[in-house]
Structure formats: structure tokens, C-alpha cells
Amino acid sequence: MAAVVKKTWFEDMIEALSEVKRDAHGNIPSEQYCNAIARIPGIYDALFGNVPPVVSVLKADIENGVLRVRNACAAAPVGKKETLQAMCTHLIDTVGAEACRNDNTSGIRCLLWLNRASTFITQLIKGILEGDEPHVAADKAYVAADKA
């Protein structure tokens, strides 16, 4: 019987990210983005597995953020939810920028947080691969994510 070879997190992410195809205007499809970002937590076990509470919190943050972006898209009418830009524009047009800014559960706030979280993890891995000690890579990644 042939052994089942499980994909690495990197292989899984490459596959998920390759499915995110921008439209002719450079807009990112909402569901493809959410599908890719939802796979980020797979790396947390490898990085922080010896601290289960950290893994739980980080996974929950990504899962809740993806859920809220998907919910914002689901609540928007056709033509206002297919891309992240359309979802953001719809929310700003309907509830206003200030309401989106103040609501920690708004699709826009969650999208911004997901982008920051994905920037952090990619910069952390990049730093480690470039030879930085993990704590140094984490510090650099935090600064990069804070600017994102």
C-alpha cells in the first residue's frame, strides 16, 4: 500500500495563493482571498506548538477575521461583494467610514487585521530563512506588519 504524502504548509499556501487571481482592474476576489488566508493557521502548530494557548488564540483570530470578511461579503448585494475592494466600498457607502473604523467586527477592520497578520507571518518566515534568530525575525516582522 502506498504511503499518503501530506503536503507541507508551504505547498498548501503556494497552492492556495496561486488560486487568487486579480481581475483586470487589479481587484482581489473575496472568496479566493479568504480561502488562502484561512490556511495560515497551519503554520502556528509548527512555530508555537509548545505553547498551545498561543496557537489557539492565533488560530481563532484568523478564523474569526475570515468569518467576518465572508459575512460582510454575504450581506452585500451582488456586484458589491465579489472583490475585497467592492466589499469595502459597499461598507463605506452604506454604514460610513467612521462606523467601519470604530467597529472591531466590521469586514473592513477584519480585512486590515488579516492583512497585517499575513504580513507578520510572511516576514517572520522570511527573516528566519535569511538566517535571523527567531526573536530578531519576530521583531522585524512586527515592525513590517505595523507599517502594513
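All figures in this text were calculated on a predicted structure; none of them were measured in a lab.

Trainee: Break down the side chain of Thr-83 for me, citing the residues and quoting the values.
Mentor: Its location among the elements puts Thr-83 in the loop between helix H4 (52–75) and helix H5 (84–95). The contacts of Thr-83, once residues within four sequence positions are left out, are Asp-23, Asn-27, Ile-28, Pro-29 and Ser-30.

Trainee: Any details on H4? Residues and values, ideally.
Mentor: Compared with an ideal rise of 1.5 Å per residue, which puts 24 residues at 34 Å, H4 spans 34 Å between its outermost C-alpha atoms and is within 8% of the ideal. Those residues of H4 lying buried are Val-55, Ile-62, Gly-65, Val-66, Val-69, Ala-72 and Cys-73.

Trainee: Account for the nonpolar core, with residues named and values stated.
Mentor: By size, the foremost hydrophobic cluster in this structure holds 29 residues, and its most contacted members are Ile-62, Val-69 and Met-87. When residues in this core are grouped by element, the largest group, 8 residues, is from helix H7 (residues 107–129).

Trainee: Can you lay out the environment of Ala-75 for me, pointing to particular residues and giving the numbers?
Mentor: Take Ala-75: it is sitting in helix H4. Placed 12 residues apart in sequence, Ala-75 and Met-87 show a C-alpha to C-alpha distance of 9.4 Å.

Conventions we followed
- Residues numbered from 1 in each chain as written.
- Predicted model: local features only at pLDDT ≥ 70, side-chain atom pairs only at ≥ 80, totals over all residues.
- Heavy atoms only, no water.
- Helix = DSSP H or I, 4+ residues; strand = E, 2+ residues; numbered from the N terminus.
- Contact = heavy atoms within 4.5 Å.
- Expected span 1.5 Å × (residues − 1).
- Buried < 20%, exposed > 50% of the residue type's maximum accessible area, 1.4 Å probe, protein only.
- Core = buried A, V, L, I, M, F, W, Y, C linked by side-chain atoms within 4.5 Å.

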